[in-house]
There are 2 protein chains.
Amino acid sequence: MHDIHIVADPPNRREIPIYKPSDRAGVEVIKVDPSKIAGVVLTNLPDEVGAFAKTDEVTEQIGQNVADFLSAEMKNGRIPSSFLPLQSGVGNIANAVMSALGAHKGIPDFEMYTEVIQDSVIDLMQKGRVKFASGCSLTVSPEMLINIYNNLDFFHKRIVLRPQEISNSPEIARRLGIISINTAIEVDLFGNVNSTNVMGRKMMNGIGGSGDFTRNAYISIFTCPSIAKGGKISAFVPMVSHTDHNEHSVQVIITEQGIADLRSKSPKAKMQTVIDNCVHPEYRQALNDYAHLAGDTHTPCTLSAAFGMHMEFERSGDMRNVNWGDCFRK
Amino acid sequence: MHDIHIVADPPNRREIPIYKPSDRAGVEVIKVDPSKIAGVVLTNLPDEVGAFAKTDEVTEQIGQNVADFLSAEMKNGRIPSSFLPLQSGVGNIANAVMSALGAHKGIPDFEMYTEVIQDSVIDLMQKGRVKFASGCSLTVSPEMLINIYNNLDFFHKRIVLRPQEISNSPEIARRLGIISINTAIEVDLFGNVNSTNVMGRKMMNGIGGSGDFTRNAYISIFTCPSIAKGGKISAFVPMVSHTDHNEHSVQVIITEQGIADLRSKSPKAKMQTVIDNCVHPEYRQALNDYAHLAGDTHTPCTLSAAFGMHMEFERSGDMRNVNWGDCFRK
């Protein structure tokens, strides 16, 4: 399944000869001088892959909204009729999105050019919906791994694993015109995305390759539920507490509430689009109030209030109690 | 001087055949159906290019530090002996950096693969230090433009202007292994960079193509003076008030104080490196205090204090008066 292509150092670097996800640029095996091998350790220890939560109403609706958005993009001629390769992050929301894409009649059979290949991709491959997947890692559940081993002839033709330098190459992401779909922890009114640190300080996820894909994608999408902890936390805040992807790279935000298409919009127009389409109804008034109070500048922002919802959560345990008057008076 | 190469839409996109800055991928002129031309407007109105401030001790020291850093990288074998193409932002600091690179004995004659070509590049070209420059725009002073017109045979062989999609292509930036050098308004202790919005709200610059280069560069560098307004403002703060380039893409920060090499460092190690090497001595204690108070997490950060220096500036007009006790008690 492997395709090992070593990129030379500059100034001798040439193009990476990949023009579709199934192209091979290198060789299937790494040849090693046998005299350098001190031993071979056999193991039957399985990979440690956490179980996925089942999809629920919220994640299913997010998936449906992503599929509807991409289907509409195709109808409007912004995505070619042959579709474009997808990059997908990992986790429960990513799985729900993949399922929804597989089920959507407006999305043709498609290919993946991604980093980590998950169970949902293998599922859709067996259903004929995913035609090919290129990645750098196969991170599947123990049951799925047995399934793959039992059907190696089938999967050998449909999966290629490459070095991360190739799977995440900006050259290939831009050339293939990939659609990147990754998950946010929190998003602000301008489309800046926090993917890693809760309250700016507690690491929840690594960023993985999402930066490579988001920056160089044909369309970059982030998904998340609009609220967490039963509504005590809004995923949408005036300013993210940690920035992993910024407003210049993030194009589309999708929640169970709807779709905020931020492409070609000014900061003010982005604010309104995010509030109207993605924010949970319980937080629309508070964020509209912030947008109104934050100032009539190119990028409305008041630093004393920018983390008002975060600090309210630290104080009372519920962002809904935020009092902008206190924040703006400081 | 032009090289017009039109990139096809995916899925028919091929490689951009540029392997060194002087390679040409397309044609010298755009052919237009004469029946579509309604008229030709002749004008002698010059381009409006603002005058540059002279270099001073601070910008000269920044330039010297950049040149020393790149020379050391070459000596350590991380930059090949043929050097690598440079991308440079525009403005007074960029001009000072270019001059310093031109004057440094440890830097060989070099090429530019950049967005906007400025006076300083033309200067170094006439001195034989810049061998070739590729860009999408020639933004020079009226005097320099006359100089170019008077020496067109010389410059025609040494300058190429391409569409921005090519001058800023992630494929070419990565393949050539460019060294990007751009200017920051403010930088935080983790290397996040604000290039555009003062206090998060007042636009001072557009971001230009710095995102394309910074994300995909071989080495990405940001420069700035460590203080502004006679010391009332520190360019280094606990958290930037607007993020244009984030910690995942920013590798090296250089001020007149020194060089913070953030590559391969943890958030905590980045904080200490920035404080020790780049922050102005008048602010080292305050930022060390913040780093100490901010919490012993993966990314030390306390949101109530993160903008403490900004808010102190709004209150008293001088960041040096910041009182962390007040900020952390909230």
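See the structure above.
Basis of the calculations
- Residue positions are given per chain, counting from 1 as you read along its sequence in written order.
- Each chain gets a letter, beginning with A, and each ligand a number, beginning with 1, in the order they are written.
- Per-residue local features of the predicted model are confined to residues with pLDDT of at least 70, and side-chain atom pairs are confined, for both listing and counting, to 80 or more; whole-chain, interface and lining totals are unaffected and use all residues.
- To superpose the copies, least squares is applied to the C-alpha atoms of every residue with a pLDDT of at least 70 in both.
- Two residues form a contact once the distance between their C-beta atoms, set from the backbone, is within 7 Å.
- Note on pairing: DSSP must find at least two bridges between two strands before they are called paired.
- The helix count covers DSSP runs of H or I at least four residues long, the strand count covers runs of E at least two residues long, and both are numbered beginning at the N terminus.
- What a helix should span is 1.5 Å times the count of its residues minus one.
- A residue is called partly exposed when the number of other C-beta atoms within 10 Å of its own lies between 12 and 20, exposed at 12 or fewer, and buried at 20 or more, with C-beta atoms placed from the backbone.
- Between N-to-C directions, angles cover 0 to 180 degrees, with each direction set by a line fitted to C-alpha atoms, over the stretch in contact for helices.
- These descriptions rest on fixed angle ranges, namely under 35 degrees for roughly parallel, over 145 for roughly antiparallel, 65 to 115 for roughly perpendicular, and the rest for oblique.
- Two helices cross in a left-handed way if the nearer one is turned anticlockwise from the farther one by less than a right angle. They cross in a right-handed way if the turn is clockwise.
- Ten residue types, Ala, Val, Leu, Ile, Met, Phe, Trp, Tyr, Cys and Pro, are classed as nonpolar, four, Asp, Glu, Lys and Arg, as charged, and the remainder, Gly among them, as polar.

## Quick word on the relation of the copies chain A and chain B
Of the transformation placing chain A onto chain B, the axial shift is 0.0 Å and the rotation is 180°, giving an RMSD of 0.0 Å. Taken together, the turn and the small shift mark the pair as related by a two-fold rotation axis. Measuring from the rotation axis to each C-alpha of chain A, the shortest distance belongs to Glu171(A), at 2.0 Å. Comparing interface residues between copies, 98% of those in chain A also lie at the interface in chain B; the contact surface is shared.

## Thoughts on the sheet that holds strand E9 (residues 193–194) of chain B
Residue and element names in this part refer to chain B. Read from one edge to the other, the open sheet built from three strands follows the order E9-E8-E15, with strand pairing classed as mixed. Each of the sheet's edge strands pairs with one partner strand only, and the pair in question is E9 and strand E15 (236–237). One ladder, built from two bridges, connects strand E8 (residues 186–188) with E15; its direction is parallel. The residue of E15 that forms the bridge with Asp188 is Val237.

## Looking at helix H1 (residues 57–75) of chain B
Residues and elements named next belong to chain B. Here H1 spans 27 Å end to end across 19 residues, near enough to the 27 Å set by a 1.5 Å rise per residue. Listed in full, the buried residues belonging to H1 are Thr59, Ile62, Gly63, Asn65, Val66, Ala67 and Leu70. Those residues of H1 that are buried lie in contact with helix H2 (92–103), strand E7 (179–183), strand E12 (219–223), strand E16 (252–254) and strand E17 (259–261). Looking at the residues trailing H1, positive phi occurs at Gly77, about 80°.

## A short note on the packing of helix H2 (residues 92–103) of chain A against helix H3 (residues 119–126) of chain A
Residue and element names in this part refer to chain A. Contact geometry for H2 and H3: axes closest at 9 Å, N-to-C directions at 15°. Of the possible angle classes, the one that applies to H2 and H3 is roughly parallel. Remark: the crossing between H2 and H3 carries right-handed chirality. The residues of H3 that touch H2, namely those facing Asn95, Met98, Ser99 and Gly102, are Asp119, Ser120, Val121 and Leu124. In terms of residue class, the contact of H2 with H3 is built from three nonpolar, four polar and one charged.

## Topic: the interface of chain A and chain B
Bring the parts together and some accessible area is lost; that lost area is often taken as the interface size. Between chain A and chain B, the contact holds 48 residues from the first and 47 residues from the second. The set of elements that each furnish at least two residues to the side of chain A that touches chain B consists of helix H7 (170–176), strand E11 (202–203), helix H8 (210–216), helix H11 (303–306) and helix H12 (308–316) of chain A. Among the elements that make up the side of chain A that touches chain B, the one with the highest residue count is H7(A) (five residues).

## Some points on unusual backbone geometry
All names here are of chain A. Following Pro10, the chain continues into Pro11 via a peptide bond in cis, with omega recorded as 10°. Here Pro11 is to be found in the segment before helix H1 (57–75). A positive phi angle is found at Ser264, which is not glycine, with a value near 65°. A residue is classified by how many C-beta atoms lie within 10 Å of it, and Ser264, with 7 of them, is exposed.

Worth remembering: the numbers are spatial, not functional.
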